[in-house]
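Observations on chain architecture
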Amino acid sequence: MESSKAVLGVLISGRGSNMKSIVEACESDDIPARVGIVISNRGDAPGIGWAAGHGLDTAVISHRDFESREAHDRAVVGKLRAAGVDWVCLAGYMRLLSAEFVQAFPRRILNIHPALLPAFPGLDAQQQALDYGVRVTGCTVHLVDEKLDHGPIVAQRSLKIRDDESVEGLKSRLIIEEHRCYVEALSRILEEQWDVQGRRVIFEKRISAARRPH
Ligand code: GRF
């Protein structure tokens, strides 16, 4: 039933391929959710055009129009609330969230990072992995807290690095794993019972459809 689905707000800054894959997973019922709004902090983000063309509600809220991170975040949170968003998915959103933003959606913000955290946080994670010479890298979906690429981990997928791997080659192989990882994380977090113990996200048994609260 449409009304029992979780409402996702997806934040992007660029291409938006993770956002697109989340939208498609919602449409094919791979995750029990719908995308209520896609917000970009950049008007020229290609993903925002795709989302609008796909019939989704969209908004561009440029950080340049605000005096502080907090003021920009307040505008974004206001827009998410107006769209009835339950869960916020950061998908290539190139902004650190203020504490106020994180506290507005406690344990309800997810981010994807293109490395196996805690390795290689921050920018250019694929290049960092190649430069370090690791043989295996991957991607991580985690709950967002006030620190960069830091919150409890929900899902990870790994990928072996090839001897002749270029950064572009690695990015293009990894993005496929990212799409799978985000959908897997959302599916688990929305369909299973879970709790955070210390840094660990502990999943309990899948709730059967009959027992699932409505
Ligand atoms: C992805 O690699 C994601 O992990 C990182 O930024 C990139 C965004 O790609 N945070 P896209 O916009 O989802 O295509």
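Computed from a predicted structure; not experimentally measured.

Here's the deal with the packing of aromatic side chains
According to the stated counting rule, one finds three aromatic pairs in the structure shown. Relative to Phe 105, the ring of Phe 101 has its centre 6.4 Å away and its plane inclined at 50°; by these criteria the two rings are tilted. You can call Phe 105 buried: its relative accessible area is 5%. Against the face of Phe 105 rests Arg 81, its NZ or CZ located 5.0 Å from the ring centre.

Thoughts on the packing of helix H1 (residues 17-27) against helix H2 (residues 46-53)
Contact geometry for H1 and H2: axes closest at 10 Å, N-to-C directions at 25°. Regarding the angle of H1 to H2, the classification is roughly parallel. Every residue of H2 that contacts H1 at Met 19, Lys 20, Val 23 and Glu 24 is listed here: Gly 47, Trp 50 and Ala 51.

Quick look at the pairing of strand S6 (residues 136-143)
Summarising burial for S6: seven of the eight residues are buried, a large majority. With seven bridges connecting them, S6 and strand S7 (residues 153-160) associate as antiparallel partners. Of the residues in S7, the one forming a bridge with Val 136 is Lys 160.

Digging into the nonpolar core
In this structure, Leu 8, Ile 22, Val 35, Val 38, Leu 110 and Tyr 182 are the most contacted members of the largest nonpolar core, which totals 44 residues. No other element matches helix H6 (residues 167-191), which puts eight residues into this core. Counting residues in each nonpolar core, the second largest holds 20 residues, with Leu 11, Ile 61, Tyr 93 and Phe 101 among its members.

Some remarks on unusual backbone geometry
The omega torsion across Leu 117 and Pro 118 is 15°, close enough to zero to call that bond cis. When you line up the elements, Pro 118 lands in the loop between strand S5 (109-113) and helix H5 (125-132). Here the phi dihedral of Arg 107 falls at roughly 55°; this positive angle occurs in a residue that is not glycine. Positionally, Arg 107 belongs in the loop between helix H4 (99-104) and S5. Despite not being glycine, Asp 124 shows a phi value in the positive range, around 55°. When you line up the elements, Asp 124 lands in the loop between S5 and H5. Given the relative accessible area of 52%, Asp 124 is considered exposed.

A look at the site of the ligand
Around the ligand, the neighbouring residues are Arg 15, Gly 16, Ser 17, Asn 18, Gly 92, Ile 112, Pro 114 and Glu 178. Between the ligand and Ser 17, the relevant distance is 2.6 Å, taken from an oxygen atom to a side-chain nitrogen or oxygen of the residue. Between the ligand and the protein, one listed contact pairs an oxygen atom with a side-chain N or O atom of Glu 178 at 2.6 Å. Protein chains shield 84% of the accessible area of the ligand, which is 360 Å² for the free molecule. In terms of residue class, the shell around the ligand is built from two nonpolar, four polar and two charged.

Let's talk about the pairing of strand S2 (residues 33-40)
Burial of S2 is extensive: seven of the eight residues sit out of reach of the surface. Of the strand pairs in this sheet, strand S1 (residues 6-12) and S2 are connected by seven bridges, and their pairing is parallel. Note on S2: the bridge partner recorded for Gly 9 is Ile 37. Note that the unit made of S1, H1 and S2 has a crossover that is right-handed. With three bridges joining them, S2 and strand S3 (residues 58-60) adopt parallel strand pairing. Directly across from Ser 40, in S3, lies its bridge partner Val 60.

Examining the environment of Ala 45
Structurally, Ala 45 is set in the loop between S2 and H2. Sequence separation of Ala 45 and Arg 15 is 30 residues, and the distance between their C-alpha atoms is 6.1 Å. Those residues in contact with Ala 45, other than ones at most four positions away along the chain, are Ile 12, Ser 13, Gly 14 and Ser 40.

Observations concerning the environment of Asp 57
Residue placement: Asp 57 occurs in the loop between H2 and S3. When its relative accessible area of 51% is taken as the criterion, Asp 57 is described as exposed. Remark: the alpha-carbon pair of Asp 57 and Gly 36, spanning 21 residues in sequence, is separated by 6.6 Å. Those residues within four positions of Asp 57 in sequence are excluded, and the remaining contacts are Gly 36, Ile 37 and Val 38.

About the criteria used
Residues numbered from 1 in each chain as written. Predicted model: local features only at pLDDT ≥ 70, side-chain atom pairs only at ≥ 80, totals over all residues. Heavy atoms only, no water. Phe/Tyr/Trp six-rings, centres within 6.5 Å; stacked < 30°, edge-to-face > 60°. Buried < 20%, exposed > 50% of the residue type's maximum accessible area, 1.4 Å probe, protein only. Lys NZ or Arg CZ within 6 Å of the ring centre and 35° of its normal. Axes fitted to C-alpha atoms, helices over the stretch in contact; angles between N-to-C directions. Helix = DSSP H or I, 4+ residues; strand = E, 2+ residues; numbered from the N terminus. Parallel < 35°, antiparallel > 145°, perpendicular 65-115°, else oblique. Contact = heavy atoms within 4.5 Å. Pairing = 2+ DSSP bridges. Core = buried A, V, L, I, M, F, W, Y, C linked by side-chain atoms within 4.5 Å. Near = heavy atom within 4 Å. Polar contact = N/O pair within 3.5 Å; in protein donor to acceptor, adjacent residues only side chain to side chain. Areas by Shrake-Rupley, 256 points an atom, 1.4 Å probe, with all protein chains shown as cover. Nonpolar A, V, L, I, M, F, W, Y, C, P; charged D, E, K, R; others polar. Right-handed = clockwise from strand over helix to strand, strands pointing away.

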